[in-house]
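Residue strings, one per chain:
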Amino acid sequence: MALFDSLRRDIGRFQVPGLRASRRRFKRMLPTRLYTRSVLIVIIPMILLQTVVAAVFMERHWRMVTERLSEGVTRDIAAIIEMIESFPSNDNYATVTRIADQQLDLSIIIEPGGELPPPRRKPFFSILDGILSDQISDRIQRPFWIDTVGDSRLVEIRIKLDSNILRVFTRRNQTYASNTHIFLVWMAGTALLLTAISVLFLRGQIRPILFLARAAEAFGKGQRIPDFTPRGADEIRMAGSAFILMRERIERQIEQRTAMLSGVSHDLRTILTRFKLQLALAGDKPELQGMSEDVDAMQNMLEGYLSFAKGESEEDVGTLRLSDLLGKVKGDFELKGKTMTYEIDGDDTIAVRPNAFSRLVDNLAGNSGRYADRLHVEARHTARWLTLTFDDNGPGIPAAAREDVFKPFFRLDEARNIDTSGTGLGLSIVRDIAHGHGGNVTLGDSPLGGLRATVRVPA
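Residues numbered from 1 in each chain as written. Predicted model: local features only at pLDDT ≥ 70, side-chain atom pairs only at ≥ 80, totals over all residues. Heavy atoms only, no water.

Asks: Explain the overall build of the chain to me, please; I cannot follow it from the model alone.
Replies: Within the chain, the secondary structure is distributed over 10 helices and 11 strands. With 459 residues in all, the chain has 34% of them scored as buried. Taking as baseline every contact in the chain between residues at least 6 positions apart, the subset at least 24 positions apart corresponds to 65%. Surface exposure of the chain reaches about 28200 Å², of which carbon and sulfur atoms provide 57%. (Helix = DSSP H or I, 4+ residues; strand = E, 2+ residues; numbered from the N terminus. Buried < 20%, exposed > 50% of the residue type's maximum accessible area, 1.4 Å probe, protein only. Contact = heavy atoms within 4.5 Å. Areas by Shrake-Rupley, 256 points an atom, 1.4 Å probe, with all protein chains shown as cover.)

Next comes the structure, spelled out in structure tokens:
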């Protein structure tokens with residue numbers, strides 16, 4: 001037993017890598033779409049079943065029927081030979097020829113003398129040649145020659161008698177099961193009909209899944225399909241109902257957040273107004289300058305975030321031209337005496353929330369404008385994705401802090417993020433907008449020496 005276990009481990013050690021590679025190749029060859037896989041699940045077993053039936057049952061039935069027919073023809077030929085040898089005829093075998101034609105449905109010719117032709121090459125696939133030759137050899141036991149391909153409707157058999165050559169002509173369907181193709185046609189036709197019905201049924205079952213996938217994808221992009229209702233099988237309806245409940249919970253959370261922020265904004269604005277009023281009544285005193293700046297910074301922070309959370313989160317999807325958006329950014333850079341270039345690859349028109357996406361671009365370009373002298377934006381719009389790459393020559397952000405800068409109110413002690421008068425929400429809002437469009441924002445090293453910000457959202 002120990003030896004067997006050792007051999008099994010050795011064999012497994014040598015075979016597993018090959019099996020794994022074969023499994024990976026096989027998985028790559030398989031289709032990825034559920035509809036195609038479902039059709040294959042229906043068609044492949046049907047093809048295998050038809051192949052087994054045709055190869056096993058039909059081959060046996062074909063051979064058995066051909067053997068019985070060939071045996072009957074060989075028995076009739078043996079009887080004719082017996083008549084020729086037992087009853088010598090003075091009328092040149094006219095009686096035997098008449099009996100063979102009228103009673104046995106065989107056409108015969110008796111040629112005096114002569115020899116058999118050389119053997120013909122047998123067809124590559126012919127059950128008739130093999131079975132008929134075996135029957136003649138076993139029952140008649142005389143030299144013979146057969147031709148099953150010369151005339152497609154007839155089979156010729158020549159048999160060497162003592163001093164004559166017997167030529168027998170019989171119809172092919174008397175020696176061969178020639179109606180088998182009818183069964184094959186019916187079998188193939190039925191299989192095609194059932195396959196077509198299965199394909200139509202599967203298409204109806206797959207359509208609700210595709211509808212659910214499109215609804216989920218649209219919701220991930222911040223869009224909404226108003227006429228979505230669960231349909232299809234019970235399991236698909238359960239998944240659709242679960243998706244609707246999930247969407248409603250998320251929308252309620254967004255509404256609750258917006259309502260909460262609206263309430264907070266109202267309370268904080270009241271307090272900030274009191275602060276401003278008290279500072280105004282106190283006059284322009286140097287010791288109050290710092291407090292006045294803190295109040296202004298707090299109001300900017302509050303207004304900046306609440307305007308986004310309250311208004312742009314509910315914005316509908318529209319169209320926006322990249323050239324117009326990036327051209328505006330370029331004009332702002334030129335006013336500041338800085339360089340901004342951009343390149344657009346693909347369609348210039350994109351489907352996004354215009355105000356929110358404009359703010360995303362403005363925030364990223366604004367950060368570069370504060371800390372860099374040069375900015376290059378590359379926009380690549382394909383059939384599936386929109387990718388914006390912002391490269392600048394600023395001080396950049398340390399790799400360890402590139403995720404922290406997306407946290408609300410996070411500030412870097414040095415280098416960059418937002419300016420000292422900002423709110424600490426610039427990059428947080430950028431990522432929130434990207435997530436709202438079903439995409440993401442990542443930071444890396446720029447070939448210009450500064451920071452690279454990559455925005456990737458579904459097209």
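Still to come is the rest of the account.
Asks: Looking at this model, I keep getting lost on a nonpolar patch on the surface. Mind explaining?
Replies: The grouping of Leu-40, Ile-44 and Leu-48 at the surface amounts to a nonpolar patch, some 250 Å² of accessible area in total. Note on Ile-44: relative accessible area 43%, which makes it partly exposed. (Patch = residues over 30% accessible without salt bridge, like charges linked within 9 Å, V, L, I, M, F, W, Y side chains within 5 Å. Salt bridge = Lys/Arg side-chain N within 4 Å of Asp/Glu carboxyl O.)

Asks: Would you mind showing me how to read the packing of aromatic side chains here?
Replies: Note on aromatic pairs: each is described by the distance of the centres and the angle between the planes. Scanning the model with the defined rule gives zero aromatic pairs in all. Above the ring of Phe-406, the side-chain terminus of Arg-431 is found at 3.7 Å from the ring centroid. The ring centre of Trp-385 lies 3.9 Å from the NZ or CZ of Arg-456, which sits over that ring. (Phe/Tyr/Trp six-rings, centres within 6.5 Å; stacked < 30°, edge-to-face > 60°. Lys NZ or Arg CZ within 6 Å of the ring centre and 35° of its normal.)

Asks: Looking at this structure, I do not really get the sheet that holds strand E9 (residues 385-392). What am I missing?
Replies: Here we have five strands laid out as an open sheet, ordered E6-E8-E9-E11-E10, and mixed in their pairing. Here the strands that pair on one side only, and so sit at the sheet edges, are strand E6 (339-346) and strand E10 (440-445). In this sheet, neighbouring strand axes are inclined to one another by 15° on average, regardless of whether the strands run parallel or antiparallel. Where E10 meets strand E11 (residues 451-458), six bridges bridge the pair, whose relative direction is antiparallel. (Pairing = 2+ DSSP bridges. Axes fitted to C-alpha atoms, helices over the stretch in contact; angles between N-to-C directions.)

Asks: What am I meant to see in helix H9 (residues 354-371) here?
Replies: Turn by turn, an α-helix covers 3.6 residues, leaving residues three or four places apart pointing in a common direction. Here H9 is 18 residues long and its end C-alpha atoms lie 26 Å apart, about the 26 Å a rise of 1.5 Å per residue gives. For H9, a buried count of 14 out of 18 residues is recorded, marking the element as mostly surrounded by other parts of the structure. (Expected span 1.5 Å × (residues − 1).)

Asks: I keep staring at unusual backbone geometry and nothing clicks. Help me out?
Replies: Trans is the common state for peptide bonds, and a negative phi is the common state for residues other than glycine. The phi dihedral of Asp-105 falls on the positive side, at around 60°, and the residue is not glycine. Residue position: Asp-105 is located in the loop between helix H3 (94-102) and strand E1 (107-112). Notably, Gln-141 is not glycine yet its phi reads approximately 55°, a positive angle. The residue Gln-141 is located in the loop between helix H4 (127-139) and strand E2 (144-147) in this model.

Asks: Any chance you could explain the pairing of strand E5 (residues 318-321) here in plain terms?
Replies: Every other side chain in a regular strand lies on the same face of the sheet, so the side chains alternate between the two faces. Burial along E5 is one-sided: the face carrying Gly-318 and Leu-320 is buried and the face carrying Thr-319 and Arg-321 is not. Of the strand pairs in this sheet, E5 and strand E7 (residues 349-352) are connected by four bridges, and their pairing is antiparallel. Bridge pairing in E7 places Leu-320 opposite Ile-350.

Asks: Is there a simple way to think about the environment of Val-65 in this case?
Replies: Residue position: Val-65 is located in helix H2 (residues 34-86). In this structure Val-65 comes out as partly exposed when scored by relative accessible area, which is 25%. C-alpha separation for the pair Val-65 and Tyr-176, spaced 111 residues apart in sequence, amounts to 7.4 Å.

Asks: Mind showing me how you'd approach helix H10 (residues 426-436) here?
Replies: Most of H10 is tucked away: eight of the 11 residues are buried. By the burial criterion, the buried members of H10 are Gly-426, Leu-427, Ser-428, Ile-429, Val-430, Arg-431, Ile-433 and Ala-434. Just past H10, the residue Gly-438 takes up positive phi, approximately 85°.

Asks: Would you explain the side chain of Ser-446 in this entry?
Replies: Within the fold, Ser-446 resides in the loop between E10 and E11. Accessibility expressed as a relative area gives 9% for Ser-446, which makes it buried. Within the structure, Ser-446 has its side chain in polar contact with the backbone nitrogen of Leu-448 (distance 3.1 Å). With sequence-adjacent residues up to four places away left out, Ser-446 is seen in contact with Asp-391, Asp-392, Leu-451 and Arg-452. (Polar contact = N/O pair within 3.5 Å; in protein donor to acceptor, adjacent residues only side chain to side chain.)

Asks: Just checking my understanding: could you explain the nonpolar core for this structure?
Replies: If you look at the biggest cluster of nonpolar residues, it comprises 37 residues, and the most contacted ones within it are Phe-357, Leu-360, Val-361, Leu-364, Leu-388, Phe-390 and Val-455. Counting only elements with at least two residues in this core, the list comes to helix H8 (322-335), E7, H9, strand E8 (374-381), E9, H10, E10 and E11. Looking at this core element by element, the count peaks at six residues for H9. With near-sequence residues (within four places) excluded, Phe-357 lies in contact with Leu-320, Leu-325, Ile-350, Val-352, Leu-386, Leu-388, Ile-433, His-437 and Val-457. Counting 21 residues, the second-largest nonpolar core is a separate cluster that includes Ile-108, Ile-110, Ile-136 and Ile-157. (Core = buried A, V, L, I, M, F, W, Y, C linked by side-chain atoms within 4.5 Å.)

Asks: Even after reading the chapter, I still don't get the pattern of salt bridges, so can you show me in this structure?
Replies: Two side chains with opposite charge may pair up if their charged atoms get near one another. Tallying each qualifying case throughout the model produces 14 salt bridges. The closest approach of N and O atoms between Arg-321 and Asp-348, which form a salt bridge, is 3.1 Å. Here the residue Arg-321 occupies a position in strand E5, and Asp-348 occupies one in the loop between E6 and E7, the gap between them amounting to 27 residues. Classification of Arg-321 by relative accessible area gives partly exposed; the value is 42%. Judged by relative accessible area, which is 15%, Asp-348 ranks as buried.

Asks: Looking at this structure, how should I read the environment of Ile-429?
Replies: Tracing the chain through its elements places Ile-429 in helix H10. Residues Ile-429 and Asn-363, spaced 66 residues apart in sequence, show a C-alpha to C-alpha distance of 8.5 Å.

Asks: What should I look at first to understand the confidence of the model for the chain in this one?
Replies: Atomic detail in the predicted coordinates should be set aside for any region of low pLDDT. Taken over all residues, the pLDDT of the chain has a mean of 78, while the share at 70 or more is 83%. Residue range residues 414-421 is modelled with pLDDT below 50. Its contacts to residues more than four positions away, or to other chains, number 28 contacts. (pLDDT = per-residue confidence, 0-100.)

Asks: Got a minute to help me understand the sheet that holds strand E3 (residues 154-160) in this structure?
Replies: Adjacent strands of a sheet pair through backbone hydrogen bonds, lying either parallel or antiparallel. Read across the open sheet, the four strands follow the order E1-E4-E3-E2; overall the sheet is antiparallel. Of all strands in the sheet, those with a lone pairing partner are E1 and E2, marking the two edges. In this sheet, neighbouring strand axes are inclined to one another by 15° on average, regardless of whether the strands run parallel or antiparallel. Here E3 runs beside strand E4 (residues 164-171); their pairing, made up of seven bridges, is antiparallel. Bridging across to E4, Arg-158 finds its partner in Arg-167.

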